[in-house]
Amino acid sequence: MSEREGTLTRRNLLKTAGAAAGAAALGGCLSGDGTDSAPSGELSTAFGNCWMCSHNCGQKAYVQDGTVVNLTGVDGHPRGSAGPDTEGTLCPKGLAQLDKTHDPKRIKEPHIRDEDGTLRKVDWETAFEETAKRLVAFAEENGSETFLDATSWAETSIFRTVWRDLYGSPERISRGIHVCAGPTFVTGGMMGVGSNNRVPDYQNSEYIIAWGRNILNSFAGQFEAKGVLEAIEENGATLVTIDPQHTITAQKSDEWMPIEPRTDGALALAMANVIIEEELYDEEFVENHTYGFEAYREAAAEMPPEEAAEITGLDADQIRRVARGFAEAAPQAGISVWTGTAQAGNGWKATQNITALNGLVGNIDRPGGLRLWKYPATASFGQVCEEDYTPRAEYKEPALKKYDEYSDYPVRHIEGIAHNLVPEMVDNDHINGIVCHHDDPLKDGNADAWIEAIEAMDLVISIDAYWNGVSRRADIVLPEATQLEKDTLGTGNWSAYPNHKWITGSKAAVDPQWNTKPDFDILTGIADAMAERTDNDDWTIFQQWDSHEEYIDDQLSTLDLTLEELDSGETNYELLEEYDYEQYGEDFTFRFDLDQVSSFATAAEEAGMDTAPEWISPGTYGDSTSEEYPLEFTDVRSVFFSHGSNQPHERLQDQFAKRNQLSEEDYRGNYLYLHPRDAEERGIETGDLVTIESKSGSGDLMAIVTERARPGFVTSQYGFGQTSAITTGEDARERSADGMNTMTLHDTQMDPITGQVDRHIAVDVTPAGGD
Ligand code: SF4
């Protein structure tokens, strides 16, 4: 039933019946029907692989009476320790998996929205049948190619098989490229070093630059923080942090470069200027392994340190000192770069210029430099599948490439979809449905338009553990088991073992709580129901495996391992084949100039961008500050929370408030950090509730006035507000935790090449009148 077709629409239904339905659904969640009697039985142990930030730190779970009572790390684990014979630990997010597993606020039963708009509990058989029925109807009415797969981090690899190959949708939002760090990942691939250009070989480094990264506070697997500290202690490594904020990593650094936001591209070129002028670069590597050096040399020549100092607000002597230090330590010099420089309109050029420094000093795949990490080869779905099937999305063109409506967006040459453009595509009838799997796009950009889009879609399926902005509005809600209730397999690359491929696995530590299922079982349940309804044998494809464990064992067959073998014993990981440095060979080419990459060259021409490194100033793409909105805002991550998926945990909220010295306040939302100068001008003090406003939206959160914030620049953590599981209002759209969804400030601005959300927004801040 479409909003565009009739009077009784999903949007109307949601507005009229949503509150009652949501209240019924959430009432059960909040009543806390989990047992509150203390476990008393025998204590056993099991393993897990933390998936809260998807980086697989090994867990040892202590289980009593089917309840996880304690969690620790696994000694020597590739992601959770500093390497052999070192203690494995878990960060606050990882430890909170214990809370998440038994959290009474979880979604406990499958739900289906009735024709009258009520979201009702159903059993799994009904849920699968209804899902298949609505998917078939959707394909008939709209075409399956208008169904969007918004899977974030599934713990199974079969989700693409279900939505792309079997159902037939080419549309997918990839968290990595579209909402995380598209410019970093994609430039790395085009320049020749792959998307892993973001994690250097820390332990062997003598000079580490944390470029827009707070490694000690928001690490991707704890080996990163441990690797940096080990390099400092063992190698006497120099640590440099380039960040507008005085972060925890900046506090530990030898040099802090408090850079003006979005000017990283100018700093990188100025460093190249010094390194080239002073002939500190690796001539042999540049001569034999790079392409486009002359174009790079010309761009760098136009950015002497004095000019970069004007642009970046940094000191020219410091720029020279860091450039020399980095080049002289090379190849044992690594740059850690990820989201900080990528989530901006000029993020493509920032990351291209930064990545170019690696080629210039020749640290590619050398100890302590930019490591070209390798994965172990597990068997792919195609290799383990014993049946033939027809991949249905193979010849379908994503809408962004197919229709003229999007001809103004250069991104269409590179990526299939852009997160911020989905609402426009819904409006154009090119996207009509979505499956959100452990993801909440309402907090990833263009939030208000996304809410409208979700309500206008003909079919919304939510596979999640919590009620959030999407699951509250969904037609079908399938309650997902959390990570400790699932079998897991991790096939990592970067880790505390720079010379080994590795693998980690674990069987579920406890049974799925309440009436929930692991994602593998949910996807195969949908497939079986589709097989019944469509008489299409392709959908029976998963029936060759009786369990996820069997499927994992097939994936492990190339390594002559089983999940049982990984999971038993003292640890739950194995170090595999050793690999050396400089494996790239004679023919390897590092590209400074990307004119050889035709898709990029076309997109760059349309965007008015050079193919070689260059300086592009803030505001060329995206917001500029103004008299009305004089402050620059961007949101950041916290070590306590992950993408909104654990924001409902009260223990984490308390820890977060305590870390910010505001635990005495009732407030448990995100905080706005601003400089004393900006606070004084507005009559704001720490603990005040303030309103932040952009041209697109506004919201309230609590202020922290701190010298660690740069004047003119304000930040907060994302993932809060209306996406959370905590309810405070009557209407579904008002239900929220304290704090705000920072992406209500945002609209369509993005990096024009990858469509990566540009999170730098011009705002003003005023007192909200509370404290
Ligand atoms: S860094 Fe923390 S959240 Fe991420 S996988 Fe490791 S323990 Fe889990």
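Described below are features of the structure shown in this document. The structure displayed is predicted, hence computed values, not measured ones.

Quick notes on the rules
- Residues numbered from 1 in each chain as written.
- Predicted model: local features only at pLDDT ≥ 70, side-chain atom pairs only at ≥ 80, totals over all residues.
- Heavy atoms only, no water.
- Helix = DSSP H or I, 4+ residues; strand = E, 2+ residues; numbered from the N terminus.
- Rg over C-alpha atoms; globule rule 2.2 N^0.38 Å.
- Buried < 20%, exposed > 50% of the residue type's maximum accessible area, 1.4 Å probe, protein only.
- Contact = heavy atoms within 4.5 Å.
- Areas by Shrake-Rupley, 256 points an atom, 1.4 Å probe, with all protein chains shown as cover.
- Lys, Arg positive; Asp, Glu negative; His and termini not counted.
- Charge placed at Lys NZ, Arg CZ, Asp CG, Glu CD.
- Pairing = 2+ DSSP bridges.
- Axes fitted to C-alpha atoms, helices over the stretch in contact; angles between N-to-C directions.
- Near = heavy atom within 4 Å.
- Nonpolar A, V, L, I, M, F, W, Y, C, P; charged D, E, K, R; others polar.
- Salt bridge = Lys/Arg side-chain N within 4 Å of Asp/Glu carboxyl O.
- 1 Å grid on protein atoms, 1.4 Å probe; cavity = no way out; pocket = protein on both sides within 12 Å on 5 of 7 lines; lining within 4 Å.
- Points joined across faces, edges and corners; volume = space filled by probe spheres on them.
- Phe/Tyr/Trp six-rings, centres within 6.5 Å; stacked < 30°, edge-to-face > 60°.

Comments concerning the overall build of the chain
In step 1: Helix and strand content of the chain: 24 helices and 24 strands.
In step 2: A compact globule built from 771 residues should have a C-alpha radius of gyration of about 28 Å, and the chain, at 25 Å, falls within 12% of that.
In step 3: In terms of overall dimensions, the chain has C-alpha extents of about 70 × 60 × 55 Å along its principal axes.
In step 4: The buried share of the chain, reckoned over its 771 residues, is 64%.
In step 5: By sequence separation, contacts in the chain at least 24 residues apart represent 75% of the contacts at least 6 residues apart.
In step 6: Put simply, the chain shows about 27300 Å² of open surface, and 42% of that area lies on carbon and sulfur atoms.
In step 7: With 60 positive and 136 negative side-chain charges, the chain shows a separation of 3 Å between the mean positions of the two kinds.

A word on the sheet that holds strand β17 (residues 573-578)
Backbone hydrogen bonds are what pair the strands of a sheet, in a parallel or an antiparallel way.
In step 1: The sheet built from three strands is open, its strands ordered β15-β16-β17 with antiparallel pairing. Where the open sheet ends on each side, the last strands, each with one partner, are β15 (488-490) and β17. Recorded for the sheet is a direction-independent mean angle of 15° between the axes of neighbouring strands.

With respect to the site of the ligand
In step 1: Around the ligand sit Cys50, Met52, Cys53, His55, Asn56, Cys57, Leu90, Cys91, Lys93, Gly94, Phe219 and Gly221, and that is every residue in its neighbourhood.
In step 2: Broken down by class, the residue content of the shell around the ligand amounts to seven nonpolar, four polar and one charged.

A word on the pattern of salt bridges
In step 1: Under the defined criterion, the tally for this structure stands at 38 salt bridges.
In step 2: Between Asp114 and Arg120 there is a salt bridge, with its nearest N and O atoms 2.2 Å apart.
In step 3: Judged by relative accessible area, Arg120 falls into the partly exposed class, the value being 39%.
In step 4: Between Asp165 and Arg164 there is a salt bridge whose closest N-O contact spans 2.9 Å.
In step 5: Note on Asp165: relative accessible area 8%, which makes it buried.
In step 6: Owing to a relative accessible area of 33%, Arg164 belongs among the partly exposed residues under this scheme.
In step 7: A single network of salt bridges, built from pairs that share partners, joins Glu155, Glu480, Lys486 and Asp519.

A short note on empty space enclosed by the protein
In step 1: Using the criterion set out here, one finds four cavities of 30 Å³ or more in the structure.
In step 2: Roughly 110 Å³ of volume is contained in the second largest cavity.
In step 3: Lining the second largest cavity, in full, are Trp51, Met52, Gln97, Lys100, Glu155, His438, Ala465, Glu480, Ala481, Thr482, Gln483 and Lys486.
In step 4: For the lining of the second largest cavity, the class distribution of residues is four nonpolar, four polar and four charged.

Focus: the packing of aromatic side chains
In step 1: A complete count under the given rule lists 31 aromatic pairs for this structure.
In step 2: Residues Phe147 and Trp163 carry aromatic rings whose centres are separated by 5.5 Å and whose planes lie at 40° to one another, so their mutual orientation is tilted. Highlighted residues: Phe147 in strand β6 (residues 147-151) and Trp163 in helix α5 (residues 159-167), separated in sequence by 16 residues. Just as Phe147 is buried, Trp163 falls in that class too.
In step 3: With a centroid separation of 6.5 Å and an interplanar angle of 65°, the aromatic rings of Tyr207 and Phe326 are classed as edge-to-face. On the criterion of sequence distance, the pair formed by Tyr207 in strand β7 (residues 207-211) and Phe326 in helix α13 (residues 316-329) is long-range, its members being 119 residues apart. Of the two residues examined, Tyr207 and Phe326, each falls in the buried class.

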